[in-house]
Amino acid sequence: MEIKKSVPLKEMTTFKIGGPAQYFCAVENIDDLAEAQQFAVSNKIKTFILGGGSNILFSDQGFNGLVIKIQNDAVSLKQEISGKYAIQSGAGTPLSKLVAFSIKNSLTGLEWAVGVPGLVGGAIYGNAGAFGSEMKDHVSIVRTVDRERSDWSDLVEISCDDCRFSYRNSLFKENKDHIIWDCEINLSKGTKLEIERKVLEYASHRKKEQPSLAKFPSAGSVFKNPVVSEDVRKAFEHDREVKCRTNKVPAGWLIERCGLKGKRIGDAVISEKQANFIINLGKATAEDVIILISLIKMKVRNEFGVQLREEIQLVI
Ligand SMILES: Cc1cc2nc3c(=O)[nH]c(=O)nc-3n(C[C@H](O)[C@H](O)[C@H](O)COP(=O)(O)OP(=O)(O)OC[C@H]3O[C@@H](n4cnc5c(N)ncnc54)[C@H](O)[C@@H]3O)c2cc1C
């Protein structure tokens, strides 16, 4: 495994923003990961675990330490227990590969993940979800390397209940000692045609509602959907002619109602298509994005009394 010096991070993220990593390595097996950890300890430097880089804003100054990209992407069908099928997947598997694997094996449950550009480890870390489903609905076991332990090649098995999953949150966000290495995902047998139909439906919904990542680099939804007062919820329901099941409303709606669509700082712009996306028109800096984030938070707080919280991870 090669540890490289001064590696540009912008190309490792979907936002295409960020300065260089002081050190960078990609790990495909546990021994490489242990070696990377040892390098960081010996050199007394920080580490940052990188997945697909689709939920991250790196600083313009980059990262002063070692960025470890997780690349174990093996997927296999493990076993069938009373109609449920367990897939074993490395944390470095792209969600797109997992969706393709489940279609091929006629397994249903992960259709919602089509178009989410991250890897399995990052998706578990943030309990990624869409269309009413989340990682927590399918993950049964997560295996991690616990940096606090002396033997880094000894994996710790954590059950779904102990992962403390909640809306875009997990144990792994709170306890950074765990590096997610692989997991087991439970899916049910379905009909291939029906699974493909759902995948197409979700993909076309994304195409309609979100700016294309190929044209407009972004990190997806910038803010979590907040819990709001009854008045704000009613205003949303009236405006969109829908009924909310909870007291949460889309952050994008609040931002749109503040008249912020199209607001631009440098090359960072609030998407006209989806107000909860900030897109990079080419040369946006992390600073541009941070200024825009601060502006959004201030306007939404003043207009609705709601404090927005970031869904993206700021590594600044
Ligand atoms: C166009 C677009 C659409 C999106 N749609 C959705 C959506 O519908 N739903 C949704 O939830 N998200 C969505 N996202 C956000 C993002 O794709 C997901 O959150 C994704 O799961 C992040 O995974 P990643 O591998 O890219 O993580 P990264 O961005 O690389 O990392 C995110 C965080 O996870 C940590 N991490 C990553 N891997 C590991 C690991 N193995 N062990 C420990 N920590 C780790 C990192 O340190 C970092 O703090 C979207 C993003 C884009 C750009």
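Residues numbered from 1 in each chain as written. Predicted model: local features only at pLDDT ≥ 70, side-chain atom pairs only at ≥ 80, totals over all residues. Heavy atoms only, no water.

Undergrad: Before we go on, may I ask you to explain the sheet that holds strand β15 (residues 268-270) in this structure?
TA: The strands that make up a sheet pair up through hydrogen bonds in the backbone, lying either parallel or antiparallel. Taken in spatial order, the three strands of this open sheet run β14-β15-β16, and their pairing is antiparallel. Strands at the two margins of the open sheet, each flanked by one partner only, are β14 (264-265) and β16 (278-280). In the sheet, β14 pairs with β15 via two bridges, with the strands oriented antiparallel. Note that in β15 the partner of Ile-265 across the bridge is Ala-268. Most of the contacts of helix α8 (residues 286-304) go to β15, to which it runs at about 30°, and overall it touches β14, β15 and β16. (Pairing = 2+ DSSP bridges. Helix = DSSP H or I, 4+ residues; strand = E, 2+ residues; numbered from the N terminus. Contact = heavy atoms within 4.5 Å. Axes fitted to C-alpha atoms, helices over the stretch in contact; angles between N-to-C directions.)

Undergrad: How should I be thinking about the sheet that holds strand β5 (residues 63-70) in this particular structure?
TA: The four strands lie next to each other as β1-β2-β5-β3, forming an open sheet whose pairing is mixed. Looking at strand neighbours, the two that pair on one side only are β1 (4-8) and β3 (46-50), the edges of this open sheet. Neighbouring strand axes in the sheet, compared pairwise and without regard to direction, differ in orientation by 45° on average. Relative to the sheet, helix α1 (residues 30-42) contacts β2 (20-27), β3 and β5, its axis offset from that of β5 by approximately 175°.

Undergrad: What should I look at first to understand the site of the ligand in this one?
TA: The immediate surroundings of the ligand are formed by 35 residues, with Ile-49, Gly-52, Ser-54, Gly-129 and Arg-206 found nearest. Between Tyr-125 and the ligand, the recorded distance is 3.4 Å, taken from a side-chain N or O atom to an oxygen atom. A distance of 2.7 Å separates a nitrogen atom of the ligand from a polar atom in the backbone of Gly-129. Protein contact buries 95% of the 970 Å² of open area that the ligand shows by itself. Counting residues per element, the ones that place at least two in the shell around the ligand are β3, α3 (120-125), β9 (129-130) and β13 (178-189). A total of four residues in the shell around the ligand trace back to one element, the largest contributor, which is α3. Its residues assigned to classes, the shell around the ligand shows 18 nonpolar, 15 polar and two charged. (Near = heavy atom within 4 Å. Polar contact = N/O pair within 3.5 Å; in protein donor to acceptor, adjacent residues only side chain to side chain. Areas by Shrake-Rupley, 256 points an atom, 1.4 Å probe, with all protein chains shown as cover. Nonpolar A, V, L, I, M, F, W, Y, C, P; charged D, E, K, R; others polar.)

Undergrad: Can you help me understand the domain arrangement of the protein in this one?
TA: For an interface, size is often stated in terms of accessible area lost upon the parts coming together. Taken as a whole, the protein is organised into domain 1 (4-70), domain 2 (75-206) and domain 3 (211-315). The gap between the C-alpha centroids of domain 1 and domain 2 is 23 Å. The partner domain 2 presents 13 residues to the 17 residues of domain 1 that form the contact. Ranking the residues of domain 1 by area buried against domain 2 places Ile-30, Gln-37 and Ile-70 at the top, with a combined share of 43%. Our count for the domain 1 to domain 2 interface comes out at zero salt bridges. Where domain 1 meets domain 2, there are one residue pair in polar contact (both at pLDDT 80 or more). (Domains from an automatic or database assignment. Buried area = accessible area lost by both parts, 1.4 Å probe. Salt bridge = Lys/Arg side-chain N within 4 Å of Asp/Glu carboxyl O.)

Undergrad: Looking at this structure, I do not really get the pairing of β5. What am I missing?
TA: Along any regular strand the residues' side chains alternate between the sheet's two faces. In terms of burial, β5 is largely enclosed, as seven of its eight residues are buried. Note: β2 against β5, six bridges, orientation parallel. Bridge assignment links Phe-24 to a residue of β5, and that residue is Val-67. With five bridges joining them, β3 and β5 adopt parallel strand pairing. Bridging across to β5, Thr-47 finds its partner in Leu-66. (Buried < 20%, exposed > 50% of the residue type's maximum accessible area, 1.4 Å probe, protein only.)

Undergrad: Help me understand the environment of Ile-185 in this model?
TA: Inspection of the secondary structure assignment puts Ile-185 in strand β13. Sequence-wise, Ile-185 and Asp-137 are 48 residues apart; in three dimensions their C-alpha atoms are separated by 8.9 Å. Residues contacting Ile-185, with those up to four places away along its chain left out, are Tyr-85, Ala-86, Ile-87, Leu-98, Leu-110, Met-135, His-138 and Val-139.

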